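What follows is the residue order along each chain.
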Amino acid sequence: MKACNESLKDLAIIHDEENMDTFVSLYFDGRDEHFIRNREKAVESVLNREELETFMKTMEKIKTYLEGHKPSDIAVFASDKHDYFEVVSFPAEVENALVVDTAPYIRPLAEFADEWQAYTLVLLNSNHAKIFTFSCGEITEEEELSAHIKNRHKKGGMSQARFQRLRKGSIHAFLKDVVEELTRTAEKDIILAGPGEAKKTFYEMLPKNLQEGVLSVVDVDMGGEREIFEESHEIMAEREKEERIELLEVIKKDILTNGLAVYGIPATLNAAKNGQVEVLLVEKDYKQRGWKCEHCQSAGDGILASCPVCGKETAEADIVEELVRFAEETDSLVEFTSNEDIKRIGHVAGLLRYK
Ligand SMILES: [Zn+2]
């Protein structure tokens, strides 16, 4: 099973070159079994014979997987025709959907990946540290470091002042190890947490670029992992929200100055297809009818029966899904927003890498 952002690019590339509906995308919470049966019936009633055969074989594989694993909050992308089977897990509740199309349906996955971006959490005190790397809401890496510092000096031993100096020195040495470890694992989106002063001392010791990458410093007990995981997600969600607002401001400014912005479906789609889009901003829940040709990887809005590029019969499409696919395929950062301004700009917009 993969985390939600690991397979996006692969899923964006794979498709049926004959424009046949041979890919099944199932987003499933693991509870409502009637949902699958009902969608299956509906789909079976509209597919042509060849597609129906593939669909039934694909569903057999999916159902066998579900029975064997009893998973919850996952997505399965499968096609018997293409011998393709990929399962992605989600850290939060998934809205049920079963889509049959010429390619995997990735928009809900892209929205999830946008909402649950990667970050690093450092939980530390003066002699113990844990570094967690989160991706898509799940821990993908965990490092633990500890130092052995005696907290009390024996009676008749060292003088208090000398002991305090040594203790400070060894705390410093320990924190330096943690700084080195963090330098190896993170560049930005760092959250520092822990009890007392150690996290502040640690912050001061970080190189400037990592200091700039620290989003928040949180006071918490070393045992409060659950609590800090939740709080970290909230911090990241807040940060994401701010970033989206900033992005929209940059796009608006670039539209005014005729800079590196692109907006509206046709222009943005074209730029994404050319690999020019650095960041794509999409209105959440917006859909628009369009057409696509998987044979030559063309797409457009409106209705077209045959492909203007290669002449093949087209498939019906949600043009925003196609836009997201082009963007993921060309390594754009894809963001979703409910901000009213994106509607006025034309439902989608992007910042270009070059013009
Ligand atoms: Zn074509």
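Residues numbered from 1 in each chain as written. Predicted model: local features only at pLDDT ≥ 70, side-chain atom pairs only at ≥ 80, totals over all residues. Heavy atoms only, no water.

## Regarding the domain arrangement of the protein chain
Stage number 1. Segmentation of the protein chain into domains returns domain 1 (1–109), domain 2 (116–238) and domain 3 (260–355).
Stage number 2. Contact residues are listed per partner, giving 7 residues for domain 1 and 5 residues for domain 2.
Stage number 3. At the surface where domain 1 touches domain 2, the tally comes to 0 salt bridges.
Stage number 4. In terms of residue class, the side of domain 1 that touches domain 2 is built from 5 nonpolar, 2 polar and no charged. (Domains from an automatic or database assignment. Contact = heavy atoms within 4.5 Å. Salt bridge = Lys/Arg side-chain N within 4 Å of Asp/Glu carboxyl O. Nonpolar A, V, L, I, M, F, W, Y, C, P; charged D, E, K, R; others polar.)

## A word on empty space enclosed by the protein
Space left empty within the atom packing is revealed by a probe, the size of a water molecule, rolled over the atoms.
Stage number 1. Following the criterion strictly, the structure yields 1 cavity of 30 Å³ or more and no others.
Stage number 2. The volume enclosed by the largest cavity comes to roughly 50 Å³.
Stage number 3. In terms of lining residues, the largest cavity is bounded by Ala12, Lys292, Cys293, Glu294, Gln297, Ser298, Ala299, Glu322, Arg325, Phe326 and Glu329.
Stage number 4. The set of elements that each furnish at least two residues to the lining of the largest cavity consists of strand E12 (289–293), strand E13 (298–301) and helix H10 (319–329). (1 Å grid on protein atoms, 1.4 Å probe; cavity = no way out; pocket = protein on both sides within 12 Å on 5 of 7 lines; lining within 4 Å. Points joined across faces, edges and corners; volume = space filled by probe spheres on them. Helix = DSSP H or I, 4+ residues; strand = E, 2+ residues; numbered from the N terminus.)

## Comments concerning helix H3 (residues 49–69)
Stage number 1. With 21 residues, H3 ought to run about 30 Å at 1.5 Å a step, and its terminal C-alpha atoms sit 30 Å apart, in line with that.
Stage number 2. Every buried residue of H3 is listed here: Glu51, Thr54, Phe55, Thr58, Met59, Ile62, Tyr65 and Leu66. One side of H3 carries all its buried residues, which in axial view fall inside an arc of 135 degrees. In H3, the exposed positions that point more than 90 degrees away from the buried face belong to Arg49, Thr64, Glu67 and Gly68.
Stage number 3. Next to the buried residues of H3 lie strand E1 (23–28), helix H2 (33–44), strand E2 (74–79), strand E3 (84–89) and strand E4 (97–101).
Stage number 4. The opening residue of H3 is Asn48, an N-cap whose side-chain oxygen sits 3.2 Å from the backbone nitrogen of Glu50.
Stage number 5. Just beyond H3, the residue with positive phi is Lys70, at close to 45 degrees. (Expected span 1.5 Å × (residues − 1). Buried < 20%, exposed > 50% of the residue type's maximum accessible area, 1.4 Å probe, protein only. Arc of directions from axis to C-beta. Polar contact = N/O pair within 3.5 Å; in protein donor to acceptor, adjacent residues only side chain to side chain.)

## Let's talk about the environment of Gly350
Stage number 1. For Gly350, the position within the fold is in strand E16 (residues 348–352).
Stage number 2. In the structure, Gly350 is positioned 89 residues away from Ala261 in sequence and 5.7 Å away in space, judged by C-alpha atoms.
Stage number 3. Each residue touching Gly350, except ones within four places of it in the same chain, is listed here: Ile251, Leu260, Ala261, Val262, Thr268, Val277, Val279 and Leu280.

## Observations concerning the coordination of the zinc ion
Stage number 1. Within the protein, Cys293 (SG), Cys296 (SG), Cys307 (SG) and Cys310 (SG) serve as the donor atoms for the zinc ion, at 2.2 to 2.3 Å.
Stage number 2. Classification of the site at the zinc ion rests on its 4 donor atoms, whose angles at the metal span 100 to 116 degrees, yielding the label tetrahedral.
Stage number 3. On the primary sequence, the residues serving as donors to the zinc ion are separated as C-x2-C-x10-C-x2-C.
Stage number 4. Overall, Cys296 belongs to the partly exposed group, its relative accessible area being 23%. (Donors = N, O, S within 2.8 Å, 3.2 Å for Na, K, Ca; no water. Tetrahedral: all angles 85-135°; square planar, octahedral: opposite > 155°, others 65-115°.)

## Digging into the packing of aromatic side chains
The geometry of an aromatic ring pair is captured by the separation of the ring centres together with the interplanar angle, meaning the angle of the planes.
Stage number 1. Summed over all chains, the structure comprises 11 aromatic pairs.
Stage number 2. Ring geometry for Phe90 against Phe112: centres 4.6 Å apart, planes inclined by 65 degrees, an arrangement best described as edge-to-face. Taken as a pair, Phe90 in the loop between E3 and E4 and Phe112 in helix H4 (residues 107–115) lie far apart in primary sequence, 22 residues in all.
Stage number 3. Here Phe90 falls in the buried class, since its relative accessible area comes to 7%.
Stage number 4. We classify Phe112 as buried; its relative accessible area is 11%. (Phe/Tyr/Trp six-rings, centres within 6.5 Å; stacked < 30°, edge-to-face > 60°.)

## So, the pattern of salt bridges
In a structure, side chains of opposite charge can pair up when their charged atoms sit close to one another.
Stage number 1. Taken as a whole, this structure holds 30 salt bridges when the rule is applied.
Stage number 2. Of the charged contacts, one joins Glu197 and Lys200 as a salt bridge, the two residues approaching to 3.8 Å between their closest N and O atoms.
Stage number 3. The partner of Arg325 in a salt bridge is Glu294, and the shortest N-O contact between them spans 3.0 Å. One end of the pair, Arg325, is in helix H10; the other, Glu294, is in the loop between E12 and E13, and 31 residues separate them in sequence.
Stage number 4. On the basis of relative accessibility, which here comes to 3%, the residue Arg325 falls in the buried class.
Stage number 5. You can call Glu294 buried: its relative accessible area is 2%.
Stage number 6. Each of Asp101, Lys292, Glu294, Glu322 and Arg325 takes part in salt bridges that share partners, so that together they form one network.

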